[in-house]
Amino acid sequence: ETGVTQTPRHLVMGMTNKKSLKCEQHLGHNAMYWYKQSAKKPLELMFVYNFKEQTENNSVPSRFSPECPNSSHLFLHLHTLQPEDSALYLCASSQEPREETQYFGPGTRLLVL
Amino acid sequence: SQQGEEDPQALSIQEGENATMNCSYKTSINNLQWYRQNSGRGLVHLILIRSNEREKHSGRLRVTLDTSKKSSSLLITASRAADTASYFCATGESGGSYIPTFGRGTSLIVHP
């Protein structure tokens, strides 16, 4: 256990659905991240939050909408996704934004039909 | 941003053998990290080596860094079936983003 939890672990949704992914870290960290991991591709950074403020948006389509209500929780709201958005979505946290080592959650396996 | 590239993409060995994975990168770095990922799970940090270090050990893991060749290697000695996983290197650029940039990974299978 890394101290970072994600729910749900698996999600199947249609292209017209709206769903949310949740991440919670129990480590007292101040920075949180969303990554996308597709087959045969490097891990792609999506968003970075530092003390609840978004500091990076890596050209992510607007159908992905992050929310960080406090430094322990991070959400990724999904709507009108495409089949190519099917992937493993990983949440991570670090003590500070400039801390090199990140702690990852187990991920949410998303399938868009 | 530049990323590390792991080699080989896949490695299959017998339990008890050593496994060596390599990572090459293109620009100057502050540090390089190795992570492990079990199938369909999150990444787990293994070891971080800074640009002024040449070798680091942690249990059965040995990491080397050659900044002149812009490469790193991860050696797992006396491998076990439980070492079966994907291994990723992540580079932290010198003067660049603090966020590590990951490669595609090496898939290691250790046969019992």
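Structural data are supplied above this passage.
This structure is a prediction, so every number in the text was calculated from the model and none was measured.

**Student:** Describe in detail the overall build of chain A, supporting the description with residues and values.
**Tutor:** A tally of regular secondary structure across chain A gives zero helices and eleven strands. Dimensions of chain A, computed from C-alpha atoms along their principal axes, come out at roughly 35 × 25 × 25 Å. By the burial criterion, 49% of the 113 residues in chain A qualify as buried. Long-range pairs, those at least 24 residues apart, make up 55% of the contacts in chain A between residues at least 6 apart in sequence. Accessible area of chain A: about 5300 Å², with a carbon and sulfur share of 49%. Positive and negative side-chain charges of chain A, numbering 11 and 11 respectively, have mean locations separated by a distance of 9 Å.

**Student:** So what's going on with the interface of chain B and chain A? Residues and values would help.
**Tutor:** Taken together, the contact between chain B and chain A spans 21 residues of the former and 24 residues of the latter. With both chains or domains summed, chain B and chain A bury close to 1800 Å², and 54% of this area falls on carbon and sulfur atoms. Connecting chain B to chain A are four residue pairs in polar contact (both at pLDDT 80 or more). Mapped onto the side of chain B that touches chain A, the elements with two or more residues apiece are strand E4 (29–37) and strand E5 (43–50) of chain B. The leading source of residues in the side of chain B that touches chain A is E5(B), at five residues.

**Student:** Please set out a nonpolar patch on the surface residue by residue, giving values where relevant.
**Tutor:** Residues and elements named next belong to chain A. Residues Val-12, Leu-111 and Leu-113 make up a contiguous nonpolar surface patch of about 290 Å² in total accessible area. Tracing the chain through its elements places Leu-111 in strand E11 (residues 108–112). A relative accessible area of 40% means that Leu-111 is categorised as partly exposed.

**Student:** Give me the lowdown on the sheet that holds strand E7 (residues 64–70) of chain A, citing residues and values where you can.
**Tutor:** All names here are of chain A. Taken in spatial order, the four strands line up as E1-E3-E8-E7 in an open sheet, and their pairing is antiparallel. Pairing within the sheet leaves two strands with one partner each, and these edge strands are strand E1 (4–7) and E7. Ignoring which end each strand starts from, the neighbouring axes of this sheet average 20 degrees apart. Of the strand pairs in this sheet, E7 and strand E8 (residues 73–79) are connected by five bridges, and their pairing is antiparallel. If you follow Ser-65 over to E8, its bridge partner there is His-77.

**Student:** Tell me about the side chain of Gln102(A), and please be specific about residues and values.
**Tutor:** Mapped onto the elements of the fold, Gln102(A) is located in the loop between strand E9 (87–94) and strand E10 (103–104). We classify Gln102(A) as buried; its relative accessible area is 1%. Side-chain polar atoms of Gln102(A) contact the side chain of Tyr35(A), separated by 2.8 Å. Those residues in contact with Gln102(A) that lie beyond four places of it in its chain are Tyr33(A), Tyr35(A), Ala92(A), Ser93(A), Ser94(A), Tyr35(B), His45(B), Ile99(B) and Pro100(B).

**Student:** Outline the sheet that holds strand E7 (residues 61–66) of chain B, listing residues and values.
**Tutor:** Residues and elements named next belong to chain B. Across the sheet, which stays open at both edges, the five strands sit in the order E1-E3-E8-E7-E6 with antiparallel pairing between neighbours. The open sheet has two edge strands with one neighbour each: strand E1 (5–7) and strand E6 (55–58). Direction aside, the axes of adjacent strands within the sheet are offset by 20 degrees on average. Where E7 meets strand E8 (residues 71–76), six bridges bridge the pair, whose relative direction is antiparallel. Paired with Leu-61 across the two strands is Ile-76, which belongs to E8.

**Student:** I'd like to hear about the state of the cysteines, residue by residue, with values.
**Tutor:** This model, assessed by the stated rule, comprises two disulfides over all chains. A disulfide bridge connects Cys23(A) with Cys91(A), and the sulfur atoms are separated by 1.9 Å. Looking down the S-S bond of the Cys23(A) and Cys91(A) bridge, the torsion is -70 degrees, so its handedness is left-handed. Placement of the pair is Cys23(A) in strand E3 (residues 18–25) and Cys91(A) in strand E9, with a sequence separation of 68 residues. For the pair formed by Cys23(A) and Cys91(A), the shared burial category is buried. Between the sulfur atoms of Cys23(B) and its disulfide partner Cys89(B) the distance amounts to 2.0 Å.

Each value, and the rule that gives it
Residues numbered from 1 in each chain as written. Chains lettered and ligands numbered in written order. Predicted model: local features only at pLDDT ≥ 70, side-chain atom pairs only at ≥ 80, totals over all residues. Heavy atoms only, no water. Helix = DSSP H or I, 4+ residues; strand = E, 2+ residues; numbered from the N terminus. Buried < 20%, exposed > 50% of the residue type's maximum accessible area, 1.4 Å probe, protein only. Contact = heavy atoms within 4.5 Å. Areas by Shrake-Rupley, 256 points an atom, 1.4 Å probe, with all protein chains shown as cover. Lys, Arg positive; Asp, Glu negative; His and termini not counted. Charge placed at Lys NZ, Arg CZ, Asp CG, Glu CD. Buried area = accessible area lost by both parts, 1.4 Å probe. Polar contact = N/O pair within 3.5 Å; in protein donor to acceptor, adjacent residues only side chain to side chain. Patch = residues over 30% accessible without salt bridge, like charges linked within 9 Å, V, L, I, M, F, W, Y side chains within 5 Å. Salt bridge = Lys/Arg side-chain N within 4 Å of Asp/Glu carboxyl O. Pairing = 2+ DSSP bridges. Axes fitted to C-alpha atoms, helices over the stretch in contact; angles between N-to-C directions. Disulfide = S-S within 2.5 Å.

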